[in-house]
Amino acid sequence: MAIADQRATSDGKILGLFKLPFRNQSTTMSSSSGNATSNSQFDGSNPRSYANSNNASSSSVSSVARSLLPTRRRLRLDPSKKLYFPYEPGKQVQSAIRIKNTSKSHVAFKFQTTAPKSCFMRPPGAILTPGESLIATVFKFVEPPENGEKPLDPKTKVKFKIMSLKVKGAMDYAPELFDEQKDQAVVEQILRVVFLDVERPTPVNCASYSFKALEKLKRQLAEADAALEARKKPPEDTGPKIIGEGLVIDEWKERRERYLARQQVEGLDSV
């Protein structure tokens, strides 16, 4: 009898071991089916909430992606990252930078500086048509050294910032454009000031970087001065030439008068 009971119990355990996985599987299947039915009921009952959640997630992802993308430049600067000034302590010196609109629309730009009391720009801002370029002149007063000795490597913390703004067509430039559309304004570049020693570079040392930068600066300043003089000149008048008190030169009229006078002289001679 004891042996029979042991067999019965052992058989029950074996059957129980075989039944447990199927029970768990049935419960998991029922739970998954319940979840599936609940999900299907959610999808069918309120599709707008599901679509709104998808739209919200996609918009957040797109905004993050836009923030990670590099900003497309509207302007090309030359030099691109630095402003070169001749180092002349106690004097007002000049630098120059070429600004070109590389976009397909009108673009406004403006200068900003960390030292507005000792620096100013000409022009401080403008509107460029697509493909148009100009040379802006930057003026800066160089502070003399405290000990009176000229430093070997003069440095300054002054920086310049160039901002751009896309505008609709041709219009007059006004600084208020950037205040009205702050969200659309873009920082094109932050320029660091670099001083050039006007005494060290010589034509013999043409390979030096300082000499090349100084020669390029002189050319750009000359172009900027020439452009400024050209803007000052009045536009040429291509209309008819005026003499005296507003009489228009008429060659045909002069020829006719000479012909009539000649005819009168010939008529008198024949008489």
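As recorded in an unreviewed UniProt entry, the chain goes by MSP domain-containing protein and comes from Rhododendron griersonianum. On record in UniProt, under Sequence similarities (unreviewed entry), the comment for the chain is "Belongs to the VAMP-associated protein (VAP) (TC 9.B.17) family."

Moving on, we get to the overall build of the chain. Of the regular secondary structure elements, the chain holds 5 helices and 11 strands. Relative to its 271 residues, the chain shows a buried fraction of 24%. Contacts in the chain between residues at least 24 apart in sequence constitute 70% of all its contacts with a sequence separation of at least 6.

Tallied over the full model, the rule gives 5 salt bridges. Of the charged contacts, one joins Lys216 and Asp78 as a salt bridge, the two residues approaching to 2.6 Å between their closest N and O atoms. Taken together, the residues Lys216 in helix α4 (residues 209-232) and Asp78 in strand β1 (residues 75-78) connect sequence positions 138 residues apart. With a relative accessible area of 29%, Asp78 lands in the partly exposed category.

We now examine the sheet that holds β1. Across the sheet, 4 strands lie side by side as β1-β3-β7-β5; this open sheet has antiparallel pairing. Edge positions in the open sheet fall to β1 and β5 (119-122), since each of these has one partner strand only. The average angle at which neighbouring strand axes cross in this sheet is 25°, direction not considered. One ladder, built from 4 bridges, connects β1 with strand β3 (residues 92-101); its direction is antiparallel. Bridging from a neighbouring strand, Leu75 pairs with Asn101 of β3.

As a further point, take the nonpolar core. One finds Ile97, Ile99, Phe111 and Phe160 to be the most contacted residues of the largest nonpolar core, which totals 26 residues. When sequence neighbours within four positions are dropped, the list of residues in contact with Ile99 reads Leu75, Arg76, Leu77, Phe109, Phe111, Leu128, Glu132, Ser133, Leu134, Ala136 and Ile162. Counting 8 residues, the second-largest nonpolar core is a separate cluster that includes Ile127, Met163, Leu165 and Leu177.

An order of β2-β9-β8-β4-β6 is seen for the 5 strands of this open sheet, with the pairing classed as mixed. Each end of this open sheet is capped by a strand with a single partner; those strands are β2 (82-86) and β6 (125-128). When the angles between neighbouring strand axes are averaged without regard to direction, this sheet yields 25°.

Below, the discussion takes up the pairing of β3. Pairing geometry for β3 and strand β7 (residues 133-141), over 9 bridges, is antiparallel. For Gln92, the partnering residue across the bridge sits in β7 and is Phe141.

If you walk through the whole model with that rule in mind, you get 4 aromatic pairs. Plain terms: the ring middles of Phe85 and Phe160 are 6.4 Å apart, the flat faces sit at 25° to each other, and that makes the pair stacked. Residue Phe85 is located in strand β2, and its partner Phe160 is located in strand β8 (residues 159-166); the two are separated by 75 residues in the primary sequence. On the numbers, 5.2 Å between centres and 70° between planes, the contact of Tyr87 with Phe195 is edge-to-face.

Tracing the backbone through its elements, the reader meets Ser95 in strand β3. Ser95 gets classed as buried once you look at its relative accessible area, which sits at 1%. A distance of 2.7 Å separates a polar atom in the side chain of Ser95 from the backbone oxygen of Tyr84. If we ignore the near neighbours within four places in the chain, the residues touching Ser95 are Leu83, Tyr84, Phe85, Ala136, Thr137, Val138, Leu217 and Leu221.

A separate point is unusual backbone geometry. Each neighbour pair has its own omega, and for Asp78 with Pro79 the value is 0°, a cis peptide bond. Structurally, the position occupied by Pro79 is in the loop between β1 and β2. Residue Pro123 is reached from Arg122 by a cis peptide bond, and omega for that bond is -5°. Within the element layout of this structure, Pro123 appears in the loop between β5 and β6.

Attention now moves to the confidence of the model for the chain. With 61% of its residues at a pLDDT of 70 or more, the chain shows a mean pLDDT of 74. The low-confidence segment residues 1-45, where pLDDT is below 50, has 3 contacts with residues more than four positions distant or belonging to other chains. A low-confidence stretch, residues 202-207 (pLDDT under 50), is modelled with 6 contacts involving residues beyond four sequence positions or located in other chains.

Conventions we followed
Throughout this document, residue positions are counted from 1 along each chain, in the order its sequence is written. Under the rules for a predicted model, residues below a pLDDT of 70 receive no local features and side-chain atom pairs below 80 are neither given nor counted, while totals for whole chains, interfaces and linings still include all residues. Computation of side-chain values: all heavy atoms of the structure, hydrogens and water removed. UniProt positions are given in the numbering used here, feature names are shortened, and annotations may be inferred rather than shown by experiment. In DSSP terms, a helix is any run of H or I states spanning at least four residues, a strand is any run of E spanning at least two, and both are numbered starting from the N terminus. Residue exposure (1.4 Å probe, protein chains only): buried if accessible area is under 20% of the type maximum, exposed if over 50%, otherwise partly exposed. Here a residue-residue contact requires only that any non-hydrogen atoms of the pair lie within 4.5 Å. Any carboxyl oxygen of Asp or Glu within 4 Å of a side-chain nitrogen of Lys or Arg constitutes a salt bridge here. Strand pairing is assigned whenever DSSP detects at least two bridges linking the two strands. Interaxial angle, 0 to 180 degrees, is taken between N-to-C directions of lines fitted to C-alpha atoms, where a helix line uses only the stretch in contact. What we call a nonpolar core is a set of buried Ala, Val, Leu, Ile, Met, Phe, Trp, Tyr and Cys residues that are connected through their side-chain atoms within 4.5 Å. The criterion for an aromatic pair is that two Phe, Tyr or Trp rings (for Trp, the six-membered ring) have centres within 6.5 Å, with stacked assigned to planes under 30 degrees apart, edge-to-face to planes over 60 apart and tilted to the rest. Polar contacts, as used here, are pairs of N or O atoms within 3.5 Å; protein pairs need one atom able to donate a hydrogen and one able to accept it. Residues neighboring in sequence count only if both atoms are side-chain atoms. Confidence scores per residue from the predictor, reported as pLDDT, run from 0 to 100.

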